[in-house]
Amino acid sequence: MIRIKNLSRRIPGGPKVLDDISFEAYPGDFIAIKGDSGSGKSTLLRCLALQEKWTEGTYQFDGKDIFKQGFSGKMKVKQEVAYVEEKPYLFPNKTALKNVIIGSVSQTPAWRRWTGMVRSDDYMGAMDMIEKRGLIDKAHQKASTLSGGERQRMAIARALVHGAKVIAADEPVSGLDPHTADQVLTDLKALCKEQGVIVIAVMHQGDWAERFADRILGLKGGKLVLDVSGRRLTEREKSLL
Ligand SMILES: Nc1ncnc2c1ncn2[C@@H]1O[C@H](COP(=O)(O)OP(=O)(O)OP(=O)(O)O)[C@@H](O)[C@H]1O
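Here's a quick rundown of the structure. None of these values were measured; they are calculated from a predicted model.

A look at helix α8 (residues 178-195)
Given 3.6 residues to a turn, an α-helix orients residues that are three or four positions apart in the same direction.
Now for step 1: Look at α8: 25 Å from first C-alpha to last across 18 residues, which is about the 26 Å you get at 1.5 Å a residue.
Now for step 2: For α8, the set of buried residues is Ala181, Val184, Leu185, Asp187, Leu188, Leu191 and Cys192. End-on view of α8: buried residues confined to an arc of 150 degrees, all on one side of the axis. In α8, the exposed positions angled more than 90 degrees off the buried face are occupied by Pro178, His179, Thr186, Lys193 and Glu194.
Now for step 3: For α8, the secondary structure elements touched by its buried residues are β3 (30-34), α7 (148-161), β8 (198-202) and α9 (208-212).
Now for step 4: Among the residues trailing α8, Gly196 stands out with phi positive, at a value near 70 degrees.

Here's what the structure looks like:
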């Protein structure tokens with residue numbers, strides 16, 4: 001469970017880009033974030049994954065205040081909250097499977113990158129996760145040849161293999177054709193419902209958030225201006241964003 005209270009983020013010497021954000025997320029929640037360009041959506045995801053510093057606020061993760069816990073609390077969040085960028089980096093000349101096994105650069109011990117050694121249980125775990133993302137026939141393909149949607153799903157598989165319990169996905173369906181976007185979101189939703197993963201995804205364009213999310217958060221100028229259950233937004237609610 002995640003409980004964020006009064007999160008603010010000020011760019012050093014610059015503006016406040018997140019202002020007093022509070023919300024909670026429970027296992028199995030699929031939360032969409034909407035808001036115009038520059039409203040703070042990506043910054044919020046990066047703050048959740050502790051990839052950006054918080055200026056103020058408290059962060060409870062599994063019932064513990066992670067800033068009070070110090071290093072071990074931050075490590076737990078970094079391990080369990082995966083920020084999946086809009087265009088996730090995969091090692092282009094390695095297969096999709098190898099990318100999923102070895103993880104992102106920061107997750108991979110240097111010796112593993114150098115030797116390329118793989119344990120058999122790592123191999124099976126990665127293949128299972130790739131199969132669940134509907135990509136088993138792409139496992140041995142070079143990452144550079146995957147489509148945008150396939151890269152996103154491989155990056156999600158990679159995060160899950162490496163212990164993620166929260167997927168913070170930045171625009172997981174932008175630039176995808178409607179059929180692929182539907183597949184990606186159906187997969188994310190199943191992940192929430194079947195495995196209790198929390199998915200927090202920026203989905204500003206179209207009606208994807210309304211169709212798939214349990215809850216919609218809306219940001220404007222760094223403030224949380226909307227927090228409603230996932231449904232068609234009213235004209236008044238849309239006008240807040
Ligand atoms: N390091 C930084 N220095 C200065 N301004 C920054 C920095 N990081 C973010 N900002 C500003 O903070 C605001 C929020 O940025 P953010 O990327 O979170 O917005 P966003 O809602 O994700 O936008 P988009 O939909 O265009 O990706 C923007 O005005 C951005 O210019």
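Moving on from the model shown.
Considerations on the site of the ligand
Now for step 1: Residues in close proximity to the ligand include Ile11, Gly14, Val17, Gly35, Ser37, Gly38, Ser39, Gly40, Lys41, Ser42 and Thr43, which together make up its full environment.
Now for step 2: It is helix α1 (residues 41-48) that provides the largest number of residues to the shell around the ligand, a total of 3 residues.
Now for step 3: For the shell around the ligand, the residue count by class is 2 nonpolar, 8 polar and 1 charged.

Focus: the environment of Glu85
Now for step 1: Of note, Glu85 is situated in the loop between β6 (81-84) and α4 (96-102).
Now for step 2: The sequence separation of Glu85 and Lys16 amounts to 69 residues, and the corresponding C-alpha distance is 22 Å.

Quick look at the pairing of β3
Now for step 1: Taken across its 5 residues, β3 has 5 buried, putting it largely inside the fold.
Now for step 2: Burial of β3 is two-sided: the residues Phe30, Ala32 and Lys34 facing one way and the residues Ile31 and Ile33 facing the other way are all buried.
Now for step 3: With 4 bridges connecting them, β3 and β8 associate as parallel partners. In the strand pairing of β8, Ile33 is matched with Val202.
Now for step 4: Direction of pairing for β3 relative to strand β9 (residues 215-220): parallel, over a ladder of 4 bridges. Of the residues in β9, the one forming a bridge with Ile31 is Arg215.

Regarding α1
Now for step 1: Where burial is concerned, most of α1 is hidden: 7 out of the 8 residues are buried.
Now for step 2: Considered for burial, the residues of α1 that qualify are Lys41, Ser42, Thr43, Leu44, Leu45, Cys47 and Leu48.
Now for step 3: Just past α1, the residue Leu50 takes up positive phi, approximately 55 degrees.

About the criteria used
- Residues numbered from 1 in each chain as written.
- Predicted model: local features only at pLDDT ≥ 70, side-chain atom pairs only at ≥ 80, totals over all residues.
- Helix = DSSP H or I, 4+ residues; strand = E, 2+ residues; numbered from the N terminus.
- Expected span 1.5 Å × (residues − 1).
- Buried ≥ 20, exposed ≤ 12 C-beta atoms within 10 Å, placed from the backbone.
- Arc of directions from axis to C-beta.
- Contact = placed C-beta atoms within 7 Å.
- Near = placed C-beta within 6 Å.
- Nonpolar A, V, L, I, M, F, W, Y, C, P; charged D, E, K, R; others polar.
- Pairing = 2+ DSSP bridges.

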